[in-house]
Amino acid sequence: MTYSASNPVKIAIIGAGAVSDYHHVPGIRIDPRATLTGVCDASQELLDKRRREWNCDNITTDAEAICADPNVDAVIIATPNFTHKPIALAAAKHGKHVMCEKPLGLNAGEVREMYHACRDKKLVHMTAFTYRFAPSMRYLRHLVTSGALGELRHFRSQRFLDWPETSWGWRQYKNTAGAGDLFDMTIHRIDFAIDLLGPLKSLCGATARFAPRTKTVDGRDCPPSEVDDWSSLIAEFESGATGVWEGTTLAKGYGFKGFGHEWAEINGSEGTAVYRLHMPNQIMVGKTGQDLAPVDVPSEFLKPADSPRDASQGEPATVFRYDLVWEFVSAICEGRDAVPSFYDGLRAQVVADSVLTSHAERRWIDLPAEPR
Ligand SMILES: NC(=O)c1ccc[n+]([C@@H]2O[C@H](COP(=O)([O-])OP(=O)(O)OC[C@H]3O[C@@H](n4cnc5c(N)ncnc54)[C@H](O)[C@@H]3O)[C@@H](O)[C@H]2O)c1
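The rules we used
- Residues numbered from 1 in each chain as written.
- Predicted model: local features only at pLDDT ≥ 70, side-chain atom pairs only at ≥ 80, totals over all residues.
- Heavy atoms only, no water.
- Helix = DSSP H or I, 4+ residues; strand = E, 2+ residues; numbered from the N terminus.
- Buried < 20%, exposed > 50% of the residue type's maximum accessible area, 1.4 Å probe, protein only.
- Lys, Arg positive; Asp, Glu negative; His and termini not counted.
- Salt bridge = Lys/Arg side-chain N within 4 Å of Asp/Glu carboxyl O.
- Contact = heavy atoms within 4.5 Å.
- Domains from an automatic or database assignment.
- Buried area = accessible area lost by both parts, 1.4 Å probe.
- Polar contact = N/O pair within 3.5 Å; in protein donor to acceptor, adjacent residues only side chain to side chain.

1. Concerning the side chain of Asp69
No. 1: Mapped onto the secondary structure, Asp69 falls in the loop between α3 (63-68) and β4 (74-77).
No. 2: Here Asp69 occupies a buried position and makes no salt bridge, while the nearest side chain of opposite charge, Lys96, is found at 6.3 Å.
No. 3: In this structure Asp69 touches Asn58 and Lys96, once residues within four positions along its chain are discounted.

2. Brief notes about the domain arrangement of the protein
No. 1: Taken domain by domain, the protein comprises domain 1 (9-130) and domain 2 (131-320 + 348-361).
No. 2: On the side of domain 2, 25 residues touch domain 1, which itself brings 19 residues to the contact.
No. 3: Interface area, domain 1 with domain 2, both sides summed: about 1600 Å², of which 65% is carbon and sulfur.
No. 4: Viewed at the interface, domain 2 and domain 1 are joined by one salt bridge.
No. 5: A salt bridge links Lys102 to Asp184; the shortest N-O distance between them is 3.1 Å.
No. 6: Here domain 1 is connected to domain 2 by nine residue pairs in polar contact (both at pLDDT 80 or more).
No. 7: If you tally residues by element for the side of domain 1 that touches domain 2, the top one is helix α5 (residues 108-120), at three residues.

What follows is the structure in structure tokens.
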């Protein structure tokens, strides 16, 4: 199938909540090769709202039906974590390309099934690992692959948020979310670390829960949280480099207009480079004997080549997120794999699962290679 502005990729959104409204629908809107042809959500009330806001009349509460719809070529799954697997398998059964939110599933076994189903049907499959698309991350990757940082020795990631201690809804139960901060936040940082430095060999992980979260935002009682609000790991990469990750939603004073604090750095034999989410159009770099200093990301790294998005417009920490849809649609139009794929989602999930095992069993875990 050849797609173009006159024959755009017909995309359905499944899960019309926060992330679809924030990233995915704006991404579809600015891509002339894509059009929104369906919206599915479990809430009829939300569907009625999205019908007006997103100007799409093909709405349904039935995910299987939207996957079977002949007026849909591809789906974006942005529902709670426990529903990703059945919806992705339905999409694969009906031959639809799939972008799915992270974490792809509740555990690596689920994710492996999703990956194999889409791979075996030769569908485009993509994991919505958003931060790979930040301009500073794209430029950091260039510095790594071009050898500018020398031999890569250490990776370090901090993701600190100051979030309310009220209920997280479906996000705070193991059977609907899988895990808390680890699957919600740290998994992104596991993914981009692997993208930058290669696979992990071995890890030691720990998680903790402090907030009971027995009240909803509007003051109703609910069962207590079962998941972590702090997650961490130390690891060795196959390359010999070392990594340290820490994430929490309970870092008081780390609001920063909702973007929180993010710092991810690589120390190489020739220099250090730092990515910060709230400054996505800059990185910090330093050579030995110097202090770290900000450097503007060169214009070719501000957005994907050919994207019509105007990189000078909008809040920088928001607008790069629209590039996920650009990559998904580009992979469909060009008949190639999307990056990051479900394989990348699986690799990160294996690591995240191993953090939980390591903590539960109080031991280091060796990570097996994951076949493609
Ligand atoms: N990539 C990122 O940066 C990023 C950011 C936020 C959320 N997420 C991920 O996106 C997913 C959704 O998160 P959110 O914040 O938008 O959640 P949300 O709760 O705001 O929205 C989820 C929506 O899915 C709907 N839903 C539930 N079950 C359904 C089903 N079976 N079929 C159809 N619709 C169903 C709900 O009614 C709700 O409207 C999660 O997996 C989350 O981890 C990713």
